[in-house]
Amino acid sequence: LRASLERDTGPQTATYLQEAGFAGGEDLYNAFAAWLRSSYGVAQPGQLDAQRLGEILARFFRESGWGSLSVSSLAPGAIALDSSDWSEADPTAAAQYPSCHLTSGLLADFLGRVSSAIVGVMEVECMSRGDARCRFLAGAPETMQTVYEGMAQGIGYETVLGVPTA
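Residues numbered from 1 in each chain as written. Predicted model: local features only at pLDDT ≥ 70, side-chain atom pairs only at ≥ 80, totals over all residues. Heavy atoms only, no water.

## Some points on the overall build of the protein
Put simply, the test is: In this description a helix means any DSSP run of H or I spanning at least four residues, a strand means any run of E spanning at least two, and both kinds are numbered starting from the N terminus. We compute the radius of gyration from the C-alpha atoms alone; for a globule the expected value is 2.2 Å times N to the 0.38, where N is the number of residues. When accessible area is computed with a 1.4 Å probe and restricted to protein chains, residues below 20% of their type maximum are described as buried, those above 50% as exposed, and intermediate ones as partly exposed. A contact between two residues is defined here by any heavy atoms of the two lying within 4.5 Å. In summary, the charge assignment counts Lys and Arg as positive and Asp and Glu as negative, without counting His or the chain termini. Note on charges: their place is set at NZ of Lys, CZ of Arg, CG of Asp or CD of Glu.
Assigned secondary structure in the protein consists of six helices and four strands. Along the protein, helices and strands appear, N-terminal first, in the series α-α-α-β-β-α-β-β-α-α. What you see for the protein is a C-alpha radius of gyration of 16 Å, in line with the 15 Å of a compact globule of 166 residues. Relative to its full complement of 166 residues, the protein shows a buried share of 43%. A separation threshold of at least 6 residues defines the contact pool for the protein, and within that pool the share at least 24 residues apart is 52%. Side-chain charges of the protein comprise 10 positive and 19 negative groups, with the mean position of each set lying 6 Å from the other.

## Focus: the packing of aromatic side chains
Where we set the bar: Here the aromatic set is Phe, Tyr and Trp, taking the six-membered ring for Trp, and pairing holds for ring centres within 6.5 Å; pairs whose planes are under 30 degrees apart are stacked, those over 60 apart are edge-to-face, and all others are tilted.
Within the structure shown, the criterion is met by eleven aromatic pairs. Centroid distance Phe 32 to Phe 110: 5.3 Å. Interplanar angle 80 degrees. Geometry classified as edge-to-face. In this pair, Phe 32 sits in helix α2 (residues 12–40) while Phe 110 sits in helix α4 (residues 101–115), placing the two residues 78 residues apart along the sequence. Taken individually, Phe 32 and Phe 110 each receive the classification buried, so the pair is uniform in this respect. In this structure an aromatic cluster arises from ring pairing among Phe 32, Trp 35, Tyr 40, Phe 60, Phe 61, Trp 66, Trp 86, Phe 110 and Phe 136.

## Focus: α4
The periodicity of an α-helix, 3.6 residues per turn, causes residues three or four positions apart to be oriented the same way. This is how the line gets drawn: Residue count minus one, scaled by 1.5 Å, sets the expected span of a helix.
Taking 1.5 Å of rise per residue, 15 residues should cover 21 Å, and α4 covers 21 Å from first to last C-alpha, within 8% of that figure. The buried count for α4 comes to twelve of 15 residues, which makes it a mostly enclosed element. Listing the buried residues of α4 in full gives His 101, Thr 103, Ser 104, Gly 105, Leu 106, Leu 107, Ala 108, Asp 109, Phe 110, Leu 111, Gly 112 and Val 114. Looking at the packing, one finds that the buried side of α4 touches α2, α3 (53–63), β2 (78–83), β3 (120–125) and β4 (134–139).

Below you can see the structure in the form of structure tokens.
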């Protein structure tokens, strides 16, 4: 799908896929809520213990066929969602930029519904461009805008967020 869109629409591909992902967020949330009831007996995602959210999301996405996922707090107001086998990624693509656009839109709507807040999501590492993993950052839209602006100026997301690098 991405290859066809890139061929036919060029730079608009990212927008179309993000919008499609965002539109699918409600269905993903409903599937998660049903899975959560049957797997954990939790009636609503909002009732989840925040300490277990990462572990539960990892299991849900793995069992749903998206791939492995680890969720960690990266900085105040920002979490990282990492995967070394994400289903949307194409390690043979040799993309110039992170390109799991559908996932970015999907996660933005889905995580917004889980948290009952507006959430921005941005992919900052991608196996489609040769990175070892796909890394999505999620947080308040203002935080993601700051990260985007910093990266557009050549500043790494870790530096923008004040995260120590190894």
